Every structure is written in structure tokens, then in C-alpha cells.
Amino acid sequence: DMYSSMASIQQAVGMEGALLQHLGQYLQQETQRLSDLRRFYEKVQASHQAGGPPVQDPILAYTLLKRLQSEWMNVVHSSEANENIQALKEGYEKVKQDLPAPEDVEGAAKALMRLQDVYSLNVNGLARGMFQRSSSSDTKLLYNPPHLSIMSADDCFHIGKVAYDMEDYYHSIPWLEEAVSRFRGSYGNWRTEDEGSLEEALDYLAFSYYKAGNISHALDLSRECLLYDPDNGRLARNIAKYEQILYESPTADADAEEMKLQRPNVTHLKTRDLYEGLCQTLGSQPTSYEDPHMSCMYDTNSHPYLLLQPMKKEIVSLRPQVVLYHDFVSDLEAEKIKELASPWLHRSVVASGEKQAEAEYRISKSAWLKDTIHPFVQNLDTRISAVTGLNAHPPYAEYLQVVNYGIGGHYEPHFDHATSRKSPLYRTNTGNRLATFMIYLSHVDLGGSTAFVFANFSSPVVKNAAVFWWNLHRNGLGDEDTLHAGCPVIIGSKWVANKWIHEFGQEFHRPCGRSPED
Ligand SMILES: O=C(O)CCC(=O)C(=O)O
Ligand SMILES: [Fe+2]
């Protein structure tokens, strides 16, 4: 799929460029054709001024007859229009197999709804290309885009319909409201590219309101719809039904108002509020350093490799301990690693029982880079080993996993270590994932921070920095405090690289302990 990684979406730009070129050529040819037709029209019209051509003139009589015998025929049966459109269609057919599928547009629509929810963004603002927080008191602008990308009525209609098809009226109503108000504003102006219309948007919106229990809204919208589509029997029957309901229980609406539409509940995300709150801080930094354990230092980890160039270490959380190493990689290394991974990116999977599967809660593409692919990758293992004091070379650690997030790409709260003995993680026979070393290979403009749900902090995406934490206690059990997530990316292409270090091979580097506290 395409929507799950910004790198793939980048390719879509090139595809549209090709289509644009074909359409440009078509417009040029058709403009020429039409101007030629107009020339013919004006020529004939001129001769018809003042009551038609004087038939006494033999030359005019001759041209009249010739025109009627052959010129009109050539004009009417010209194949040029057909040839022009054929060229456009062929140009389209050429790229067709690479174009995004309906699932891609649907995935992108769901991504926008996810951003709306997680960051509490205002739908009307989103539809106007603005990222502003919707709160009753103030609307805070999170980001001022360099150029506004305003959504059309049909864009909003599509998102509303995606929600409607999932019986999610919490989302379908505001998006269809946007669609309806935009379609109303431009009623009568035909747009070739649109899929929907005012009638359809009204119809979907009315039914969403009905499903949400707001009968009088459903009734008003259905009546409006019937004005545009007076022969629609289904609409007429719905109207009769709504009138009946309101007649029988005049308080139906008030009851619906009471129960307020709820955001569809995602059962696997029990920690949703904590998580979203942390995402909304957009990567908080501690505001005070009163705790002497929270500190920054140049660290050599007593390792000869780091003696001449110590690491810039920042302790960002104590429980669980999370450490940020600034400038862990150089720009050159980050670019090279993204470049090496790009051709191998595939939709990321998660452990699902004994297997691995795609999941809504992890939207990104990833690739595994072996150490042999480039000396840079091998160097990273050596550097990670020096900094952490652990053995980061395969098989004691996994290969480097490079991840690129897509539209609204995210990884909802999860543990990196296996929580079940059956997990596919154990296939390498090197134990569980003892520690995570994650490198930020890019900057992002907005969103995408790494949230530690129970530690109550989120780390912003700091390009070239690396985050390190222990997933397991010294006694081998998982540390539940490490529950963490990659917040949805609002603006930017977020890249990270994961190095998961396994238990085996670290026996002398991180001795075991019995206390569940360690
Ligand atoms: O992208 C992030 O910030 C977190 C990624 C993560 O937790 C993972 O890939 O396991
Ligand atoms: Fe993770």
C-alpha cells in the first residue's frame, strides 16, 4: 500500500506529474482544435451576415455548395477530438497500475480522522488546511502551513462516507456537514472530477443524524434533499418515517442530545487518554531539573571508543530509565541509512499470536538492514555496543529495522519485548528483547513524538539522536513501565531505526538480579 509511508507518497508526486503533462498536452491540442473550429464558424457566419450569401455571385455560390457537400462533413466527422482524448487515455493507462488503490485513499481518510482525534483538531479547520486545536474556549493554531491546502466539498464527502461505511457517525457527521456546506456554496457549478454531489451528501448526512438519534435534523436535511431529487421515493418514505417518530415521541431529539455521540471505542487501547495527552504535548521536555538524577553529561561509558569523542547523554526519565544520546549519528549516516532502506520498505507488521500481521495500530513501512549491506550499518553496531555496554552485533541483537511513517502514521502503545512465550520474537533463540536503542533519522515538523505512557513523558523527534531503555528487569521479567508509542505524525516524514538487543550474549554486560525492582 501507499499511504503507510511518506516515502511511497513521494512517488505519487511523480505519477501525478506524468498525468499532468498528458492533460496539459490534451488541453493544448483541444484548444487548437476549438480555435480552428471557431475560425470555420466565423468564416461561415460572416458570409451569412445580411441575410445570407448573395447567390448571384458565382464564386460565393461555388463555395456554398462545396461547403455543404464536403466541408461540413469534414468538420462534423473530424476524428481529431477522438484522437486527442485517446492520447490522454493512453497516457493514463500507462500509469494506471501504479496509482493508489481505494484502500489507500481510505487509509489516508482514516489517518486524517486519527489526527483529528488524537490531537483534538477542529474539522472545519482541517478542511481549510489549518491545524488548530478544537477546544471550547480557544482555538490554538498548532502549525501555520506555508501554503494552505483547502479541501473540496467532494474531499470532505469522501471522508464522511468512509466513516459512514464503518457506522462511525461520530466522524461522519462533522465531515458530511463540511461537505454539505461546501456543496451548497457551489451548487450548479459542475466539477468533472467530483464523485459526490449535494444531494448525496445531504442523503448521507440525514441518515447519519437519524442513526445518531437526531430525528429533526434528519428530517430537515431529507426535506432539503427532496427538493433537489423530488422523484426519490426512498427519501419520501424516510421523511414520513421521521415525521411519525417525532409525532409519537416529541422528546426523541432531546434524548439523543443527552447521550451525545461517543468517539468509537477502540478496545485494545485502554490507555488512550494518557497516550493522547502525551501526544498533545508534542514532545515535552522536563521544565525543571531539580531532580539531580535528571541531567546531561558527556559520557564515555569508560569505553576506549568514546574517549576522544564522548556521547552527549541526557537522562529524560528515571522510571523507567530512558536516555537520549544527542548526535548519535551524523546527517550523512542518517541519509545513507534511509537511502539503503528505501527500496526494501514494506508495510510494518506486529506480533499476532505466533505469527506476524499488519495492524491498524501500527501504520508505517519498514525494512531490515543487515550489517553486511554497508560499513555504516556495521559501525552503528559497534557504536551502540560502546555506548550501552551491550553486545549489539547479530545474533545477540536483531538487524537494524528502519521505519518510515505515512500519513498520520503511528504505533499505538505497545511493548517492544515479547509478553507471551509463543511470540515470533523467540524464533532467533536468543531470548527476549532486553533493550531498545532507537535512532531518529529525521526531523518532523509536527507530531510524531515518542510517548512513554506510564512514565508520563514524551520525547520529541530529535534528528540524529537516539533513545535507549531497558525493556526487561534484571530478573528477566518485562518492565511494564516501558509501555510506549509513536504518536501520529501530523506534518513531516518521520524515520526511525530500531536496534533490539536480546538477552543472550549480555550475561556479563548486564548481570541478572533477583529484585523485581531492578
Ligand atoms: O516511532 C517511535 O517513536 C516509536 C517506535 C517504536 O516504538 C517501535 O518501532 O517499536
Ligand atoms: Fe516500540
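Since the structure is predicted, the reported quantities are computational estimates derived from the model, not experimental observations. (Residues numbered from 1 in each chain as written. Chains lettered and ligands numbered in written order. Predicted model: local features only at pLDDT ≥ 70, side-chain atom pairs only at ≥ 80, totals over all residues. Heavy atoms only, no water.)

Turning to the coordination of the iron ion (ligand 2), a few remarks are in order. Around the iron ion (ligand 2), the protein supplies His 414 (NE2), Asp 416 (OD) and His 484 (NE2) as donor atoms, at distances of 2.0 to 2.1 Å. Sequence spacing among the residues donating to the iron ion (ligand 2) works out to H-x1-D-x67-H. Taken together, the residues span a long stretch of sequence, with Asp 416 in the loop between strand S11 (411-414) and strand S12 (433-440) and His 484 in strand S17 (residues 484-486) at a distance of 68 residues. Across this residue pair, the class does not change: Asp 416 and His 484 are buried. (Donors = N, O, S within 2.8 Å, 3.2 Å for Na, K, Ca; no water. Helix = DSSP H or I, 4+ residues; strand = E, 2+ residues; numbered from the N terminus. Buried < 20%, exposed > 50% of the residue type's maximum accessible area, 1.4 Å probe, protein only.)

Let's shift gears to the state of the cysteines. Inspection of the entire model under this criterion finds one disulfide. Between Cys 279 and Cys 487 runs a disulfide, and the two sulfur atoms are separated by 2.1 Å. Handedness of the Cys 279-Cys 487 disulfide follows from its S-S torsion of about -90°: it is left-handed. Residue Cys 279 is found in helix H12 (residues 272-280), and its partner Cys 487 is found in the loop between S17 and strand S18 (489-491); the two are separated by 208 residues along the sequence. Of the two residues, Cys 279 and Cys 487, both sit in the buried class. Cys 225 takes part in no disulfide bond, and the closest cysteine sulfur, belonging to Cys 156, lies 18 Å away. (Disulfide = S-S within 2.5 Å.)

All right, on to the environment of Leu 64 then. Positionally, Leu 64 belongs in helix H2 (residues 58-76). Residue class for Leu 64 comes out partly exposed when judged on its relative accessible area of 21%. Separated by 49 residues in the primary sequence, Leu 64 and Met 113 have C-alpha atoms spaced 65 Å apart.

Here we take up the nonpolar core. By size, the foremost hydrophobic cluster in this structure holds 53 residues, and its most contacted members are Tyr 119 and Trp 175. Here this core spans two domains, since at least three of its residues come from each of domain 2 (103-259) and domain 3 (277-502). Sequence-distant contacts of Trp 175, defined by excluding residues within four places in its chain, comprise Met 113, Gln 116, Val 123, Leu 126, Ala 127, Met 151, Cys 156, Ile 159 and Gly 160. (Core = buried A, V, L, I, M, F, W, Y, C linked by side-chain atoms within 4.5 Å. Domains from an automatic or database assignment. Contact = heavy atoms within 4.5 Å.)

Looking now at the side chain of Ser 317. Considering the arrangement of structural elements, one finds Ser 317 in strand S4 (residues 311-317). At 2.7 Å, the side chain of Ser 317 forms a polar contact with the backbone oxygen of Pro 320. (Polar contact = N/O pair within 3.5 Å; in protein donor to acceptor, adjacent residues only side chain to side chain.)

Here the focus is a nonpolar patch on the surface. Together, Leu 68, Trp 72 and Val 76 give the surface a local cluster of nonpolar side chains, amounting to about 320 Å² of exposed area. Residue placement: Val 76 occurs in helix H2. (Patch = residues over 30% accessible without salt bridge, like charges linked within 9 Å, V, L, I, M, F, W, Y side chains within 5 Å. Areas by Shrake-Rupley, 256 points an atom, 1.4 Å probe, with all protein chains shown as cover. Salt bridge = Lys/Arg side-chain N within 4 Å of Asp/Glu carboxyl O.)

The description of an aromatic ring pair rests on the distance of the ring centres and on the angle between the ring planes. One pass over the structure, following the stated rule, counts 18 aromatic pairs. Centre to centre, the rings of Phe 131 and Tyr 143 are 6.3 Å apart; their planes meet at 75°, and the pair counts as edge-to-face. Highlighted residues: Phe 131 in strand S1 (residues 131-134) and Tyr 143 in strand S2 (residues 139-143), separated in sequence by twelve residues. The same class applies to Phe 131 and to Tyr 143, which are both buried. With a centroid separation of 6.0 Å and 75° between ring planes, the pair formed by Tyr 164 and Tyr 169 is classed as edge-to-face. According to the relative accessible area criterion, Tyr 169 is buried, its value standing at 12%. Through a chain of ring-to-ring contacts, three or more aromatic side chains come together here, namely Phe 157, Tyr 164, Tyr 169, Phe 183, Tyr 204, Phe 207, Tyr 210 and Tyr 242. One cation-aromatic arrangement involves Arg 383 over Phe 328; the distance from NZ or CZ to the ring centre is 5.5 Å. One cation-aromatic arrangement involves Arg 433 over Trp 500; the distance from NZ or CZ to the ring centre is 3.6 Å. (Phe/Tyr/Trp six-rings, centres within 6.5 Å; stacked < 30°, edge-to-face > 60°. Lys NZ or Arg CZ within 6 Å of the ring centre and 35° of its normal.)

Moving on, we get to the sheet that holds strand S16 (residues 466-470). Reading across from one edge, S3-S4-S5-S16-S12-S19-S10-S9-S6 is the order of the nine strands in this open sheet, with antiparallel pairing throughout. Edge positions in the sheet fall to strand S3 (296-299) and strand S6 (346-347), since each has one partner strand and no second. Both strand S5 (residues 322-326) and S16 contribute to a ladder of four bridges, which runs antiparallel. Across the sheet, the residue bridging to Val 323 is Phe 468, located in S16. (Pairing = 2+ DSSP bridges.)

What follows covers the sheet that holds S11. Overall, antiparallel pairing links the four strands, which are arranged S11-S17-S14-S15 in an open sheet. Looking at which strands have only one partner, the edges of the open sheet turn out to be S11 and strand S15 (457-459). For this sheet, the mean inter-axis angle between neighbouring strands, taken without regard to orientation, is 15°. By the bridge criterion, two bridges tie S11 to S17 in an arrangement that is antiparallel. Bridging from a neighbouring strand, His 414 pairs with His 484 of S17. Packing against the sheet, H12 makes contact with S11, strand S14 (450-452), S15 and S17, and its axis sits at approximately 135° to S14. (Axes fitted to C-alpha atoms, helices over the stretch in contact; angles between N-to-C directions.)

Interfaces are often sized by the accessible area lost when the parts come together. The domains assigned to the chain are domain 1 (6-100), domain 2 (103-259) and domain 3 (277-502). When each unit is reduced to the centre of its C-alpha atoms, the spacing between domain 2 and domain 3 is 40 Å. Counting residues at the interface gives twelve residues for domain 2 and 17 residues for domain 3. For the pair domain 2 and domain 3, the summed buried surface comes to about 1,300 Å²; carbon and sulfur atoms form 67% of the total. (Buried area = accessible area lost by both parts, 1.4 Å probe.)

Looking now at the site of ligand 1. Close to ligand 1 lie 13 residues, the nearest being Tyr 405, Thr 450, His 484, Lys 494 and Asn 498. The separation between an oxygen atom of ligand 1 and a polar side-chain atom of Asp 416 is 3.1 Å. Here an oxygen atom of ligand 1 and a side-chain polar atom of Asn 498 are 3.0 Å apart. Surface burial for ligand 1 is 100%, taken as the share of its 290 Å² of free accessible area covered by protein chains. Of all the secondary-structure elements, those providing two or more residues to the shell around ligand 1 are S11, S17 and strand S19 (495-502). A total of three residues in the shell around ligand 1 trace back to one element, the largest contributor, which is S19. When the residues that make up the shell around ligand 1 are grouped by side-chain class, the tally is five nonpolar, five polar and three charged. (Near = heavy atom within 4 Å. Nonpolar A, V, L, I, M, F, W, Y, C, P; charged D, E, K, R; others polar.)

Counting buried residues along S4, six of its seven residues qualify, which places the element largely inside the surrounding structure. Where S3 and S4 come together, four bridges link them in antiparallel fashion. Bridged to Met 297 within S4 is Lys 313. As defined by bridge partners, S4 adjoins S5 across five bridges and the pair is classed as antiparallel. Across the sheet, Ile 315 pairs through a bridge with Val 323, a residue of S5. If you look at the hairpin formed by S4 and S5, you'll find four residues sitting between the two strands.

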